[in-house]
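Now for the letters of each chain:
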Amino acid sequence: MSSPAIDTVVVGGGLHGLSAALHLARAGRRVVVLERSWVGRHASGATAAGVRTLNRDPAEIPISLEAMDMWHNIASIVDGDCGFHAFGQINVAEYPSHLPALETRLAMVRAAGYRHEELIDRAELLRLVPAISPHCIAGLIARLDGAADPHRTLQAFRRSAEAAGVTIHEGLAVTAIERAGADWRVRTPARDFVAPTIVNAAGAWAGKIAAMLGDEIPLGHKASMMIVTERIAPLLKPVISVVGRPLSLKQSDQGTLVIGGGLQGSADIEAQKSVVNFSELAKGARAATDLFPSIGPLRIVRTWTGMEAKTEDHLPVVGASPNASGAYHAFGFSGHGFQLVPVVGAILADLIVRGRTDRVIEGLSAERLMQRQVAHA
Ligand SMILES: Cc1cc2nc3c(=O)[nH]c(=O)nc-3n(C[C@H](O)[C@H](O)[C@H](O)COP(=O)(O)OP(=O)(O)OC[C@H]3O[C@@H](n4cnc5c(N)ncnc54)[C@H](O)[C@@H]3O)c2cc1C
(Lines give C-alpha, C1' and ligand atoms only; values in the text may rest on other atoms or scores of the structure.)
Protein backbone atom coordinates (compact mmCIF):
# COMPACT_ATOMS: atom_id res chain seq x y z
CA MET A 1 0.00 0.00 0.00
CA SER A 2 1.31 3.47 -0.83
CA SER A 3 0.83 6.67 1.13
CA PRO A 4 -1.05 9.78 -0.03
CA ALA A 5 0.95 12.50 -1.78
CA ILE A 6 4.10 13.43 0.09
CA ASP A 7 6.85 15.81 -0.99
CA THR A 8 9.58 14.70 1.42
CA VAL A 9 10.23 11.67 3.60
CA VAL A 10 12.55 12.46 6.50
CA VAL A 11 14.32 9.39 7.89
CA GLY A 12 15.04 9.86 11.60
CA GLY A 13 13.03 11.55 14.33
CA GLY A 14 15.92 13.20 16.14
CA LEU A 15 16.28 16.95 16.33
CA HIS A 16 17.81 17.25 12.87
CA GLY A 17 14.98 15.30 11.28
CA LEU A 18 12.41 17.39 13.14
CA SER A 19 14.13 20.67 12.24
CA ALA A 20 14.32 19.76 8.55
CA ALA A 21 10.67 18.69 8.58
CA LEU A 22 9.61 21.90 10.32
CA HIS A 23 11.40 24.20 7.88
CA LEU A 24 10.14 22.24 4.87
CA ALA A 25 6.55 22.25 6.11
CA ARG A 26 6.71 25.99 6.70
CA ALA A 27 7.85 26.31 3.09
CA GLY A 28 4.65 24.55 2.04
CA ARG A 29 5.96 21.00 1.62
CA ARG A 30 4.05 17.90 2.70
CA VAL A 31 6.45 16.07 4.99
CA VAL A 32 6.48 12.72 6.75
CA VAL A 33 9.04 11.80 9.43
CA LEU A 34 9.78 8.09 9.88
CA GLU A 35 11.33 7.19 13.22
CA ARG A 36 12.29 3.61 14.02
CA SER A 37 11.85 3.97 17.79
CA TRP A 38 10.46 7.19 19.22
CA VAL A 39 11.30 10.85 18.78
CA GLY A 40 14.49 11.64 20.68
CA ARG A 41 15.37 7.98 21.34
CA HIS A 42 19.05 8.42 20.48
CA ALA A 43 21.54 11.33 20.43
CA SER A 44 18.89 14.06 20.62
CA GLY A 45 17.47 12.61 23.82
CA ALA A 46 20.87 11.82 25.34
CA THR A 47 22.58 15.10 24.53
CA ALA A 48 24.19 17.54 26.95
CA ALA A 49 22.48 20.28 24.89
CA GLY A 50 25.40 22.67 25.02
CA VAL A 51 24.85 25.60 22.63
CA ARG A 52 28.42 26.35 21.69
CA THR A 53 30.17 28.43 19.05
CA LEU A 54 33.41 28.31 21.10
CA ASN A 55 36.25 26.30 19.53
CA ARG A 56 34.23 25.33 16.46
CA ASP A 57 36.07 24.12 13.36
CA PRO A 58 36.43 27.08 10.93
CA ALA A 59 34.28 25.24 8.38
CA GLU A 60 31.38 25.32 10.85
CA ILE A 61 31.77 28.84 12.22
CA PRO A 62 29.49 30.68 9.75
CA ILE A 63 26.53 28.35 10.25
CA SER A 64 27.24 28.01 13.96
CA LEU A 65 27.09 31.80 14.38
CA GLU A 66 23.81 31.92 12.48
CA ALA A 67 22.50 29.08 14.63
CA MET A 68 23.47 31.09 17.70
CA ASP A 69 21.38 34.04 16.48
CA MET A 70 18.53 31.59 16.01
CA TRP A 71 18.94 30.21 19.55
CA HIS A 72 18.73 33.74 20.91
CA ASN A 73 15.36 34.01 19.13
CA ILE A 74 14.34 30.38 19.49
CA ALA A 75 10.86 31.14 20.84
CA SER A 76 10.08 32.90 17.56
CA ILE A 77 11.13 29.79 15.60
CA VAL A 78 9.52 27.02 17.68
CA ASP A 79 6.74 26.80 20.23
CA GLY A 80 8.78 27.20 23.42
CA ASP A 81 12.05 28.62 24.70
CA CYS A 82 13.74 25.19 24.76
CA GLY A 83 15.13 26.06 28.19
CA PHE A 84 17.87 28.04 26.46
CA HIS A 85 20.09 30.28 28.61
CA ALA A 86 23.03 32.29 27.28
CA PHE A 87 25.42 32.31 30.22
CA GLY A 88 28.49 31.80 28.02
CA GLN A 89 30.87 28.91 27.54
CA ILE A 90 34.46 29.09 28.86
CA ASN A 91 37.44 26.93 27.94
CA VAL A 92 39.60 27.19 31.06
CA ALA A 93 43.40 27.25 31.23
CA GLU A 94 44.56 25.69 34.51
CA TYR A 95 48.28 26.28 34.04
CA PRO A 96 50.56 28.69 32.11
CA SER A 97 51.40 25.84 29.71
CA HIS A 98 47.73 25.92 28.59
CA LEU A 99 47.78 29.55 27.55
CA PRO A 100 49.45 29.15 24.12
CA ALA A 101 46.60 26.87 23.00
CA LEU A 102 44.06 29.56 23.83
CA GLU A 103 46.16 32.35 22.28
CA THR A 104 46.71 30.39 19.07
CA ARG A 105 43.01 29.65 18.80
CA LEU A 106 42.08 33.28 19.39
CA ALA A 107 44.61 34.48 16.78
CA MET A 108 43.18 32.07 14.21
CA VAL A 109 39.59 33.13 14.90
CA ARG A 110 40.46 36.82 14.77
CA ALA A 111 42.50 36.38 11.56
CA ALA A 112 39.42 34.82 10.00
CA GLY A 113 37.47 37.95 10.92
CA TYR A 114 35.40 36.65 13.84
CA ARG A 115 34.94 38.40 17.20
CA HIS A 116 32.84 35.90 19.16
CA GLU A 117 35.74 34.43 21.16
CA GLU A 118 37.66 36.41 23.75
CA LEU A 119 40.55 35.71 26.14
CA ILE A 120 39.83 36.47 29.80
CA ASP A 121 42.25 36.67 32.73
CA ARG A 122 41.94 35.07 36.16
CA ALA A 123 40.11 38.09 37.64
CA GLU A 124 37.39 37.95 34.99
CA LEU A 125 37.22 34.16 35.23
CA LEU A 126 36.68 34.40 39.00
CA ARG A 127 34.13 37.17 38.53
CA LEU A 128 32.12 35.00 36.13
CA VAL A 129 32.67 31.71 37.99
CA PRO A 130 33.43 32.48 41.65
CA ALA A 131 33.34 28.79 42.61
CA ILE A 132 36.17 27.78 40.28
CA SER A 133 39.44 26.66 41.86
CA PRO A 134 41.84 29.62 42.15
CA HIS A 135 44.61 27.60 40.46
CA CYS A 136 42.85 28.31 37.13
CA ILE A 137 44.54 31.23 35.39
CA ALA A 138 42.55 32.25 32.29
CA GLY A 139 39.92 31.22 29.80
CA LEU A 140 38.67 31.56 26.26
CA ILE A 141 35.05 32.64 26.37
CA ALA A 142 32.17 32.93 23.93
CA ARG A 143 29.83 35.13 25.95
CA LEU A 144 26.71 34.53 23.84
CA ASP A 145 26.99 30.74 24.10
CA GLY A 146 24.95 28.74 26.56
CA ALA A 147 22.90 25.60 26.94
CA ALA A 148 19.33 24.41 26.51
CA ASP A 149 17.12 21.65 27.87
CA PRO A 150 17.16 18.72 25.42
CA HIS A 151 13.70 17.44 26.28
CA ARG A 152 12.04 20.82 26.09
CA THR A 153 13.86 21.32 22.79
CA LEU A 154 12.56 18.02 21.43
CA GLN A 155 9.02 18.85 22.54
CA ALA A 156 9.18 22.34 21.06
CA PHE A 157 10.47 21.14 17.67
CA ARG A 158 7.97 18.29 17.61
CA ARG A 159 5.00 20.50 18.52
CA SER A 160 6.00 23.08 15.94
CA ALA A 161 6.60 20.53 13.20
CA GLU A 162 3.21 18.91 13.81
CA ALA A 163 1.51 22.31 13.96
CA ALA A 164 3.07 23.10 10.57
CA GLY A 165 1.51 19.93 9.15
CA VAL A 166 4.30 17.34 9.51
CA THR A 167 3.18 13.75 10.11
CA ILE A 168 5.47 11.82 12.45
CA HIS A 169 5.38 8.02 12.45
CA GLU A 170 7.12 6.43 15.42
CA GLY A 171 7.99 2.74 15.57
CA LEU A 172 8.46 2.63 11.79
CA ALA A 173 11.92 1.65 10.57
CA VAL A 174 13.07 2.29 7.02
CA THR A 175 14.29 -1.05 5.69
CA ALA A 176 14.89 -0.26 2.00
CA ILE A 177 14.80 2.65 -0.44
CA GLU A 178 14.26 2.17 -4.15
CA ARG A 179 13.74 4.31 -7.23
CA ALA A 180 10.13 4.55 -8.39
CA GLY A 181 10.40 6.55 -11.61
CA ALA A 182 11.32 10.09 -10.61
CA ASP A 183 10.31 9.34 -7.02
CA TRP A 184 11.74 7.30 -4.17
CA ARG A 185 9.91 4.36 -2.63
CA VAL A 186 10.75 4.12 1.06
CA ARG A 187 9.96 0.73 2.52
CA THR A 188 9.02 0.01 6.13
CA PRO A 189 7.60 -3.21 7.56
CA ALA A 190 4.13 -1.65 7.77
CA ARG A 191 3.81 0.29 4.50
CA ASP A 192 5.67 2.11 1.75
CA PHE A 193 6.01 5.87 1.34
CA VAL A 194 6.62 7.46 -2.07
CA ALA A 195 8.07 10.93 -2.46
CA PRO A 196 10.39 12.84 -4.80
CA THR A 197 12.75 13.88 -1.99
CA ILE A 198 14.30 12.19 1.02
CA VAL A 199 16.22 13.63 3.97
CA ASN A 200 18.63 11.23 5.65
CA ALA A 201 18.78 12.31 9.30
CA ALA A 202 19.29 8.83 10.73
CA GLY A 203 22.07 9.70 13.18
CA ALA A 204 24.37 6.79 13.99
CA TRP A 205 22.61 4.73 11.28
CA ALA A 206 22.78 7.36 8.55
CA GLY A 207 25.54 5.45 6.74
CA LYS A 208 23.09 2.60 6.16
CA ILE A 209 20.44 4.94 4.77
CA ALA A 210 23.07 6.65 2.59
CA ALA A 211 24.10 3.23 1.22
CA MET A 212 20.44 2.47 0.38
CA LEU A 213 20.53 5.67 -1.70
CA GLY A 214 23.78 4.69 -3.42
CA ASP A 215 26.22 6.79 -1.34
CA GLU A 216 28.98 4.79 0.35
CA ILE A 217 30.15 7.28 2.98
CA PRO A 218 32.77 6.12 5.48
CA LEU A 219 31.55 6.79 9.02
CA GLY A 220 32.61 5.95 12.52
CA HIS A 221 30.49 6.35 15.60
CA LYS A 222 30.63 7.80 19.07
CA ALA A 223 29.09 6.70 22.35
CA SER A 224 29.50 9.84 24.42
CA MET A 225 28.92 9.50 28.16
CA MET A 226 27.24 11.80 30.67
CA ILE A 227 26.95 12.12 34.45
CA VAL A 228 24.24 13.94 36.38
CA THR A 229 24.59 14.69 40.11
CA GLU A 230 22.09 15.35 42.83
CA ARG A 231 20.63 18.88 42.99
CA ILE A 232 22.63 21.57 44.71
CA ALA A 233 22.29 25.31 45.34
CA PRO A 234 23.35 27.59 42.46
CA LEU A 235 27.09 27.03 41.80
CA LEU A 236 27.83 28.28 38.30
CA LYS A 237 26.18 29.75 35.23
CA PRO A 238 28.56 29.39 32.24
CA VAL A 239 29.34 26.01 30.70
CA ILE A 240 32.92 25.05 31.61
CA SER A 241 35.43 23.05 29.59
CA VAL A 242 39.16 22.85 30.23
CA VAL A 243 42.27 22.67 28.08
CA GLY A 244 43.72 19.18 27.67
CA ARG A 245 41.09 17.28 29.63
CA PRO A 246 37.71 15.80 28.77
CA LEU A 247 35.20 18.01 30.52
CA SER A 248 32.02 19.89 29.89
CA LEU A 249 30.30 20.97 33.10
CA LYS A 250 27.12 22.92 33.57
CA GLN A 251 24.37 23.37 36.12
CA SER A 252 20.82 22.71 34.98
CA ASP A 253 17.80 24.82 35.89
CA GLN A 254 16.89 22.10 38.39
CA GLY A 255 20.25 22.47 40.19
CA THR A 256 21.85 19.22 39.04
CA LEU A 257 25.38 19.29 37.64
CA VAL A 258 25.59 17.80 34.16
CA ILE A 259 29.05 16.50 33.33
CA GLY A 260 30.20 15.31 29.92
CA GLY A 261 32.94 16.31 27.54
CA GLY A 262 33.10 13.58 24.97
CA LEU A 263 34.35 10.68 27.10
CA GLN A 264 33.49 7.49 25.26
CA GLY A 265 31.65 4.36 26.26
CA SER A 266 31.15 1.52 23.82
CA ALA A 267 28.45 1.12 21.22
CA ASP A 268 26.87 -1.81 19.44
CA ILE A 269 25.34 -0.03 16.46
CA GLU A 270 23.55 -3.15 15.14
CA ALA A 271 21.92 -3.79 18.52
CA GLN A 272 21.24 -0.03 18.98
CA LYS A 273 22.81 -0.16 22.43
CA SER A 274 25.66 1.62 24.14
CA VAL A 275 27.17 1.15 27.59
CA VAL A 276 29.06 3.31 30.06
CA ASN A 277 32.75 2.70 30.74
CA PHE A 278 33.05 3.74 34.38
CA SER A 279 36.84 3.97 34.53
CA GLU A 280 36.78 6.37 31.57
CA LEU A 281 33.89 8.28 33.10
CA ALA A 282 35.93 8.78 36.27
CA LYS A 283 38.31 10.99 34.24
CA GLY A 284 35.51 13.47 33.62
CA ALA A 285 34.47 13.38 37.28
CA ARG A 286 38.10 13.98 38.29
CA ALA A 287 38.42 16.99 35.98
CA ALA A 288 35.17 18.40 37.41
CA THR A 289 36.26 18.03 41.03
CA ASP A 290 39.73 19.43 40.29
CA LEU A 291 38.11 22.60 38.93
CA PHE A 292 35.34 22.72 41.54
CA PRO A 293 36.67 21.01 44.69
CA SER A 294 33.46 21.70 46.60
CA ILE A 295 31.52 19.23 44.44
CA GLY A 296 33.68 16.23 45.44
CA PRO A 297 31.19 14.81 47.98
CA LEU A 298 28.18 15.02 45.63
CA ARG A 299 26.32 11.87 44.73
CA ILE A 300 26.07 10.81 41.11
CA VAL A 301 22.41 10.19 40.36
CA ARG A 302 22.63 8.76 36.85
CA THR A 303 25.03 8.08 34.01
CA TRP A 304 24.20 7.37 30.38
CA THR A 305 25.54 7.19 26.85
CA GLY A 306 24.19 8.27 23.49
CA MET A 307 25.22 7.16 20.01
CA GLU A 308 25.83 9.18 16.91
CA ALA A 309 27.85 9.08 13.71
CA LYS A 310 31.38 10.46 13.66
CA THR A 311 33.24 11.53 10.54
CA GLU A 312 36.99 11.42 10.00
CA ASP A 313 37.31 15.22 10.27
CA HIS A 314 34.58 15.57 12.93
CA LEU A 315 32.55 17.78 10.61
CA PRO A 316 29.00 16.78 9.66
CA VAL A 317 27.66 15.87 6.25
CA VAL A 318 25.06 18.47 5.24
CA GLY A 319 23.91 18.72 1.65
CA ALA A 320 22.65 16.98 -1.44
CA SER A 321 23.60 13.40 -2.18
CA PRO A 322 26.36 13.20 -4.81
CA ASN A 323 24.76 10.17 -6.46
CA ALA A 324 21.03 10.24 -5.80
CA SER A 325 18.98 13.12 -7.10
CA GLY A 326 16.32 14.19 -4.63
CA ALA A 327 18.24 12.82 -1.62
CA TYR A 328 19.79 15.02 1.07
CA HIS A 329 21.97 14.23 4.05
CA ALA A 330 22.26 15.71 7.55
CA PHE A 331 24.33 13.51 9.87
CA GLY A 332 27.79 12.87 11.27
CA PHE A 333 27.58 15.72 13.77
CA SER A 334 30.36 13.98 15.72
CA GLY A 335 29.20 15.07 19.18
CA HIS A 336 28.37 18.71 18.55
CA GLY A 337 25.24 18.80 16.44
CA PHE A 338 22.74 20.09 18.98
CA GLN A 339 23.74 23.72 18.55
CA LEU A 340 23.38 23.45 14.75
CA VAL A 341 19.80 22.08 14.82
CA PRO A 342 17.88 25.27 13.88
CA VAL A 343 20.17 26.25 11.01
CA VAL A 344 20.70 22.83 9.43
CA GLY A 345 16.95 22.40 9.00
CA ALA A 346 16.83 25.78 7.27
CA ILE A 347 19.73 24.76 5.00
CA LEU A 348 17.96 21.57 3.94
CA ALA A 349 14.80 23.54 3.20
CA ASP A 350 16.88 25.97 1.09
CA LEU A 351 18.38 23.10 -0.89
CA ILE A 352 15.13 21.24 -1.41
CA VAL A 353 12.82 24.19 -2.06
CA ARG A 354 15.15 26.65 -3.82
CA GLY A 355 17.74 24.20 -5.12
CA ARG A 356 20.56 26.18 -3.49
CA THR A 357 21.61 27.82 -0.26
CA ASP A 358 23.47 31.03 0.50
CA ARG A 359 24.73 29.53 3.76
CA VAL A 360 28.34 28.32 3.79
CA ILE A 361 28.36 24.51 3.65
CA GLU A 362 31.31 23.89 1.31
CA GLY A 363 33.30 22.00 3.93
CA LEU A 364 30.39 19.72 4.79
CA SER A 365 29.88 17.75 1.57
CA ALA A 366 29.57 13.97 1.44
CA GLU A 367 32.09 14.02 -1.41
CA ARG A 368 34.97 15.07 0.85
CA LEU A 369 34.61 11.83 2.86
CA MET A 370 34.02 9.66 -0.20
CA GLN A 371 37.15 11.10 -1.86
CA ARG A 372 39.22 10.31 1.23
CA GLN A 373 37.91 6.76 1.14
CA VAL A 374 39.07 6.42 -2.48
CA ALA A 375 42.45 8.00 -1.61
CA HIS A 376 42.91 5.56 1.30
CA ALA A 377 41.90 2.51 -0.77
C1 LIG B 1 25.93 12.28 25.29
C2 LIG B 1 25.90 13.32 24.21
C3 LIG B 1 26.19 14.64 24.53
C4 LIG B 1 26.13 15.64 23.52
N5 LIG B 1 26.36 16.93 23.86
C6 LIG B 1 26.23 17.91 22.92
C7 LIG B 1 26.38 19.27 23.27
O8 LIG B 1 26.59 19.61 24.43
N9 LIG B 1 26.27 20.21 22.28
C10 LIG B 1 26.03 19.87 20.98
O11 LIG B 1 25.97 20.75 20.12
N12 LIG B 1 25.86 18.56 20.63
C13 LIG B 1 25.96 17.59 21.56
N14 LIG B 1 25.79 16.28 21.23
C15 LIG B 1 25.50 15.95 19.84
C16 LIG B 1 24.04 16.17 19.48
O17 LIG B 1 23.20 15.73 20.52
C18 LIG B 1 23.75 15.41 18.20
O19 LIG B 1 24.63 15.89 17.20
C20 LIG B 1 22.31 15.58 17.71
O21 LIG B 1 21.39 15.31 18.73
C22 LIG B 1 22.10 14.65 16.54
O23 LIG B 1 20.73 14.68 16.20
P24 LIG B 1 20.23 13.77 15.01
O25 LIG B 1 18.81 14.10 14.80
O26 LIG B 1 21.17 13.88 13.86
O27 LIG B 1 20.44 12.25 15.54
P28 LIG B 1 19.55 11.36 16.51
O29 LIG B 1 18.95 12.15 17.60
O30 LIG B 1 20.37 10.18 16.91
O31 LIG B 1 18.35 10.91 15.58
C32 LIG B 1 18.50 9.96 14.57
C33 LIG B 1 17.25 9.11 14.59
O34 LIG B 1 17.21 8.29 13.42
C35 LIG B 1 16.50 7.13 13.78
N36 LIG B 1 16.78 6.08 12.78
C37 LIG B 1 17.96 5.48 12.53
N38 LIG B 1 17.82 4.58 11.55
C39 LIG B 1 16.51 4.62 11.18
C40 LIG B 1 15.75 3.89 10.21
N41 LIG B 1 16.30 2.94 9.44
N42 LIG B 1 14.44 4.19 10.08
C43 LIG B 1 13.86 5.15 10.86
N44 LIG B 1 14.54 5.83 11.80
C45 LIG B 1 15.85 5.58 11.95
C46 LIG B 1 17.04 6.80 15.15
O47 LIG B 1 16.17 5.93 15.87
C48 LIG B 1 17.18 8.17 15.78
O49 LIG B 1 16.07 8.52 16.60
C50 LIG B 1 25.83 15.27 22.19
C51 LIG B 1 25.55 13.94 21.88
C52 LIG B 1 25.56 12.96 22.87
C53 LIG B 1 25.22 11.55 22.51
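**Re the overall build of the protein**
(1) Moving on: What the protein contains, in helices and strands, is eleven helices and 21 strands.
(2) Moving on: A globule of 377 residues ought to have a C-alpha radius of gyration of about 21 Å, and the protein, at 21 Å, matches this closely.
(3) Moving on: Each of the three principal axes of the protein carries a C-alpha extent, and together these read 65 × 45 × 45 Å.
(4) Moving on: Burial analysis of the protein (377 residues in total) assigns 54% to the buried set.
(5) Moving on: Across the protein, every contact between residues at least 6 apart in sequence was considered, and the portion connecting residues at least 24 apart equals 72%.
(6) Moving on: A total of about 15400 Å² of accessible surface is found on the protein, and carbon and sulfur atoms cover 53% of it.

**Brief notes about the site of the ligand**
(1) Moving on: Lining the immediate environment of the ligand, one finds 36 residues, of which Glu35, Ser44, Gly50, Val174 and Glu308 sit closest.
(2) Moving on: The backbone of His16 places a nitrogen or oxygen atom 3.0 Å from an oxygen atom of the ligand.
(3) Moving on: The side chain of Glu35 places a nitrogen or oxygen atom 2.6 Å from an oxygen atom of the ligand.
(4) Moving on: Within the complex, 96% of the 1000 Å² of free accessible area of the ligand lies under protein.
(5) Moving on: In terms of residue count, the dominant contributor to the shell around the ligand is helix H2 (residues 43-46) (three residues).
(6) Moving on: Its residues assigned to classes, the shell around the ligand comprises 17 nonpolar, 15 polar and four charged.
(7) Moving on: The residues that make up the shell around the ligand include at least three from each of domain 1 (8-49 + 151-219 + 313-376) and domain 2 (89-143 + 221-310).

**Regarding the sheet that holds strand E14 (residues 239-242)**
Backbone hydrogen bonds hold the strands of a sheet together, and the pairing may be parallel or antiparallel.
(1) Moving on: One open sheet holds the eight strands; their spatial order is E5-E6-E4-E14-E15-E16-E13-E19, and the pairing between them is mixed. This sheet does not close on itself; its edge strands, each paired only once, are strand E5 (118-121) and strand E19 (300-310). Averaged over all neighbouring strand pairs, the angle between strand axes comes to 25°, with direction disregarded.
(2) Moving on: Where strand E15 (residues 245-251) lies against strand E16 (residues 256-260), four bridges are found, and the strand directions are antiparallel. Bridging across to E16, Gln251 finds its partner in Leu257.

**Some details on the domain arrangement of the protein**
(1) Moving on: Along its sequence, the protein is carved into domain 1 (8-49 + 151-219 + 313-376) and domain 2 (89-143 + 221-310).
(2) Moving on: The C-alpha-based centres of domain 1 and domain 2 are spaced at 29 Å.
(3) Moving on: Listed per partner, the contact involves 19 residues of domain 1 and 14 residues of domain 2.
(4) Moving on: The junction of domain 1 with domain 2 conceals about 1400 Å² of combined surface from both sides, 54% of it contributed by carbon and sulfur atoms.
(5) Moving on: Of all residues in domain 1, the largest losses of buried area upon contact with domain 2 belong to Ala46, Ala48 and Ala204, amounting jointly to 30% of the total for that side.
(6) Moving on: Across the contact surface, domain 1 and domain 2 share two salt bridges.

**Brief notes about the packing of helix H1 (residues 15-26) against helix H10 (residues 341-354)**
(1) Moving on: One can describe the packing of H1 onto H10 by two numbers: an axis separation of 8 Å at closest approach and a directional angle of 50°. Here H1 lies oblique to H10, going by the angle between them. Helix-helix and strand crossings are classified by hand; for H1 and H10 the assignment is right-handed. Touching Leu15, His16, Ser19, Ala20, His23 and Leu24 of H1 are Val341, Pro342, Val344, Gly345, Ala346, Leu348, Ala349, Ile352 and Val353, all from H10.
(2) Moving on: Grouping the constituent residues of the contact of H1 with H10 by class yields eleven nonpolar, four polar and no charged.

**Quick notes on the layout of surface pockets**
(1) Moving on: The volume enclosed by the second largest pocket comes to roughly 730 Å³.
(2) Moving on: Along the wall of the second largest pocket there are 35 residues; nearest its centre are Ser252, Asp253, Gln254, Thr256 and Val258.
(3) Moving on: At the level of secondary structure, the elements contributing two or more residues to the lining of the second largest pocket comprise H2, strand E7 (146-147), helix H7 (150-163), strand E13 (220-231), E15, E16 and E19.
(4) Moving on: Within the lining of the second largest pocket, the residues separate by chemical class into 17 nonpolar, twelve polar and six charged.
(5) Moving on: Counting contributing residues, the lining of the second largest pocket receives three or more from each of domain 1 (8-49 + 151-219 + 313-376) and domain 2 (89-143 + 221-310).

**Considering the packing of aromatic side chains**
(1) Moving on: The full count for this structure, using the stated rule, is two aromatic pairs.
(2) Moving on: Taken together, a centroid distance of 5.7 Å and an interplanar angle of 40° make the contact between Trp71 and Phe84 tilted. With Trp71 in helix H3 (residues 61-72) and Phe84 in the loop between helix H4 (74-77) and strand E4 (89-93), this residue pair connects regions lying 13 residues apart in the sequence.
(3) Moving on: A relative accessible area of 13% means that Phe84 is categorised as buried.
(4) Moving on: Consider the rings of Trp71 and Phe338, whose centres lie 5.2 Å apart with planes at 25°: the pair is stacked. One end of the pair, Trp71, is in helix H3; the other, Phe338, is in the loop between strand E21 (327-331) and H10, and 267 residues separate them in sequence.

**Digging into H1**
(1) Moving on: Under the 1.5 Å per step criterion, the end-to-end length of H1 is 16 Å for twelve residues, consistent within 8% with the ideal 16 Å.
(2) Moving on: In terms of burial, H1 is a largely internal element, eleven of the twelve residues being buried.
(3) Moving on: Gly28 lies just past H1 and shows a positive phi near 95°.

**Re the nonpolar core**
(1) Moving on: Ranked by internal contacts, the top residues of the largest apolar core, which has 50 residues, are Trp71, Val78, Phe157, Val166, Val199 and Val344.
(2) Moving on: Breaking this core down by element, the ones donating at least two residues are H1, strand E2 (31-35), H3, H4, H7, E21 and H10.
(3) Moving on: Here Val78 is in contact with Leu22, Ala156, Phe157 and Ser160, once residues within four sequence places are set aside.

**Observations regarding the pairing of E21**
(1) Moving on: Within E21, five of the five residues are buried, which leaves the element mostly enclosed by the surrounding structure.
(2) Moving on: Burial along E21 is two-sided: Ala327, His329 and Phe331 facing one way and Tyr328 and Ala330 facing the other are all buried.
(3) Moving on: Relative to E21, strand E12 (residues 197-200) runs parallel, the two being bridged by three bridges. Pairing of Ile198 across the sheet is with Ala327, part of E21.
(4) Moving on: Summarising the sheet, strand E20 (residues 317-320) and E21 pair through four bridges and their orientation is antiparallel. Across the sheet, Val317 pairs through a bridge with Phe331, a residue of E21.

Basis of the calculations
Per-chain numbering applies: the sequence of each chain, read as written, is numbered from 1 onward. Given that this is a predicted model, residues contribute local features only at a pLDDT of at least 70 and side-chain atom pairs are listed and counted only at 80 or more, while totals for whole chains, interfaces and linings are drawn from all residues. Each side-chain value is derived from all of the structure's non-hydrogen atoms; neither hydrogens nor water enter the calculation. Elements are defined by DSSP. Helices are runs of H or I of four residues or more, strands are runs of E of two residues or more, and each kind is numbered from the N terminus. Here the globule rule reads 2.2 Å times residues to the power 0.38, and the radius of gyration is calculated from C-alpha atoms. Throughout, exposure labels follow a simple rule: accessible area from a 1.4 Å probe, protein chains only, divided by the maximum for the residue type, with under 20% read as buried, over 50% as exposed, and the rest as partly exposed. Whether two residues are in contact is decided by their heavy atoms: any pair within 4.5 Å suffices. For the area figures, the Shrake-Rupley method with a 1.4 Å probe applies, and any residue is considered shielded solely by the protein chains shown. The nearness test applies per residue and asks whether one of its heavy atoms lies within 4 Å of the molecule or strand. Each polar contact in these results corresponds to two N or O atoms within 3.5 Å; when the atoms are within protein, one needs to be able to donate a hydrogen and the other to accept it, and residues that are neighboring in sequence are counted only if both atoms are side-chain atoms. Classification convention: Asp, Glu, Lys, Arg as charged; Ala, Val, Leu, Ile, Met, Phe, Trp, Tyr, Cys, Pro as nonpolar; all other residues, Gly among them, as polar. What marks off one domain from the next here is an automatic or database domain assignment. The rule for pairing is simple: two strands pair if DSSP sees at least two bridges between them. Fitted lines through C-alpha atoms give the axes, limited to the stretch in contact for helices. The angle between two N-to-C directions lies from 0 to 180 degrees. Accessible-area loss on putting two parts together, using a 1.4 Å probe and summing over both, is the definition of buried area adopted here. What counts as a salt bridge is simple: a side-chain nitrogen of Lys or Arg found within 4 Å of a carboxyl oxygen of Asp or Glu. Here is the rule for angles: anything less than 35 degrees is roughly parallel, anything more than 145 is roughly antiparallel, 65 through 115 is roughly perpendicular, and the remaining ranges are oblique. Left-handed describes a crossing whose near helix is turned anticlockwise from the far helix by less than a right angle; the clockwise case is right-handed. Only protein atoms enter the 1 Å grid used here, on which a cavity is any set of points holding a 1.4 Å probe that cannot leave and a pocket is any open set flanked by protein within 12 Å on both sides along at least five of seven lines; residues with an atom within 4 Å of a point are listed as lining. Grid points are joined across faces, edges and corners, and a volume is the space filled by probe spheres set on the points. A pair of Phe, Tyr and Trp rings is counted when the ring centres sit within 6.5 Å of each other, with Trp represented by its six-membered ring. The angle between the planes then sorts it: under 30 degrees is stacked, over 60 is edge-to-face, the rest tilted. An expected span of 1.5 Å times one less than the residue number is assigned to each helix. Take the buried Ala, Val, Leu, Ile, Met, Phe, Trp, Tyr and Cys residues and link them wherever side-chain atoms come within 4.5 Å; each set so joined is a nonpolar core.

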